[in-house]
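For reference, the chains in residue letters:
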Amino acid sequence: MAATVKIANRPAGWKRQSYLWGAMQGMGVTLRHFLRNWPRNLLGRRADSDIATLAYPEEKRRYPPRNRGLHRLMKRADGQVRCVACMMCPTACPAHCISIVPEESEDPRIEKRPRIFQIDELRCVVCGLCVEACPCDAIRMDTGIHAWPTTRRADAILDKEELLSRGEISTAVQGGAGFSWRERK
Ligand code: SF4
Ligand code: SF4
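Note that the structure is predicted; figures quoted are calculated from it, not measured. (Residues numbered from 1 in each chain as written. Chains lettered and ligands numbered in written order. Predicted model: local features only at pLDDT ≥ 70, side-chain atom pairs only at ≥ 80, totals over all residues. Heavy atoms only, no water.)

J.: How should the layout of surface pockets be read in this particular structure?
T.: To find the voids left in a structure, one rolls a probe of water-molecule size over its atoms. By volume, the second largest pocket is sized at about 180 Å³. Together, Tyr56, Lys60, Arg61, Tyr63, His146, Ala147, Trp148 and Pro149 line the second largest pocket. Residue composition of the lining of the second largest pocket, grouped by class: five nonpolar, one polar and two charged. (1 Å grid on protein atoms, 1.4 Å probe; cavity = no way out; pocket = protein on both sides within 12 Å on 5 of 7 lines; lining within 4 Å. Points joined across faces, edges and corners; volume = space filled by probe spheres on them. Nonpolar A, V, L, I, M, F, W, Y, C, P; charged D, E, K, R; others polar.)

J.: Could you clarify how one ought to interpret the site of ligand 2 in this entry?
T.: Contacts to ligand 2 come from 14 residues, most closely from Cys83, Cys86, Met87, Cys89 and Cys134. Spatially, ligand 2 is embedded in the largest cavity. For the shell around ligand 2, the per-class residue count stands at 14 nonpolar, no polar and no charged. (Near = heavy atom within 4 Å. Sits in = over half its atoms within 2 Å of the grid points.)

J.: Is there a simple way to think about a nonpolar patch on the surface in this case?
T.: On the surface, a cluster of nonpolar side chains totalling about 440 Å² of accessible area is made up of Leu31, Phe34, Leu35 and Trp38. One can find Leu31 in helix α2 (residues 20-42). (Patch = residues over 30% accessible without salt bridge, like charges linked within 9 Å, V, L, I, M, F, W, Y side chains within 5 Å. Areas by Shrake-Rupley, 256 points an atom, 1.4 Å probe, with all protein chains shown as cover. Salt bridge = Lys/Arg side-chain N within 4 Å of Asp/Glu carboxyl O. Helix = DSSP H or I, 4+ residues; strand = E, 2+ residues; numbered from the N terminus.)

J.: What is the right way to read the pattern of salt bridges from this model?
T.: Close approach of charged atoms lets side chains of opposite charge pair. Enumeration according to the criterion identifies ten salt bridges in this entry. In this structure, the salt-bridge partner of Glu168 is Arg72, at a minimum N-O distance of 3.6 Å. With a gap of 96 residues between them, Glu168 in the loop between α5 (160-165) and α6 (181-184) and Arg72 in strand β1 (residues 72-73) connect regions that are remote in the sequence. Given the relative accessible area of 7%, Arg72 is considered buried. The partner of Arg152 in a salt bridge is Asp155, with the nearest N and O atoms 2.9 Å apart. (Buried < 20%, exposed > 50% of the residue type's maximum accessible area, 1.4 Å probe, protein only.)

J.: I'm lost on the nonpolar core in this one. Help?
T.: Nonpolar side chains in soluble globular proteins tend to be buried together. Membership of the largest hydrophobic core comes to 23 residues, with the highest contact counts inside it found for Leu73, Cys97, Ile98, Phe117, Ile119 and Ile139. Counting only elements with at least two residues in this core, the list comes to β2 (98-104), β3 (112-120) and α5. Leave out the neighbours within four places in its chain, and Ile119 touches His71, Cys97, Ile98, Ile139, Ala156, Ile157, Leu158 and Leu163. (Core = buried A, V, L, I, M, F, W, Y, C linked by side-chain atoms within 4.5 Å. Contact = heavy atoms within 4.5 Å.)

That is the geometry; function is a separate question.
Okay, structure coming up:
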């Protein structure tokens, strides 16, 4: 099949051919925005202006209510980490950014706990699947804290101590409140 070729006519008239008129129109838009927002800015009424940029970090954009934020590891009532190193969250993670090395727990009621628990926040896509996959409310993404900027990649890898520093005590019961394996036997 022969290819069809569409021939575009060269623009006619000096305005189109010189691009000068188009450039002047663009500068006119910039000047209009400048004159409209500059006095408002001077008076400190940025909320009224339609300036798209923010003077970060003095001004910060408000995140929407559904923003998740940095991860945290929850604790048991006795302060131990709730995570039992079941490997559900690294299995569910599509970015493969969770690394866990388990170890035996000294508590006879708990089989395992994480010796190493790391999350690479630069690889995380903030999908929340790790939270959904966790069977014991051990990991949450409800801090609302944005991952901080860094010049070293290693600084973006959060370790167990860092994740636990934001953790609180969770008394959630696996299988729901009042659930007991003894009652089922
Ligand atoms: S939020 Fe998603 S990408 Fe980030 S650690 Fe959890 S499962 Fe992985
Ligand atoms: S955080 Fe939850 S899902 Fe991930 S290993 Fe620990 S217990 Fe399992």
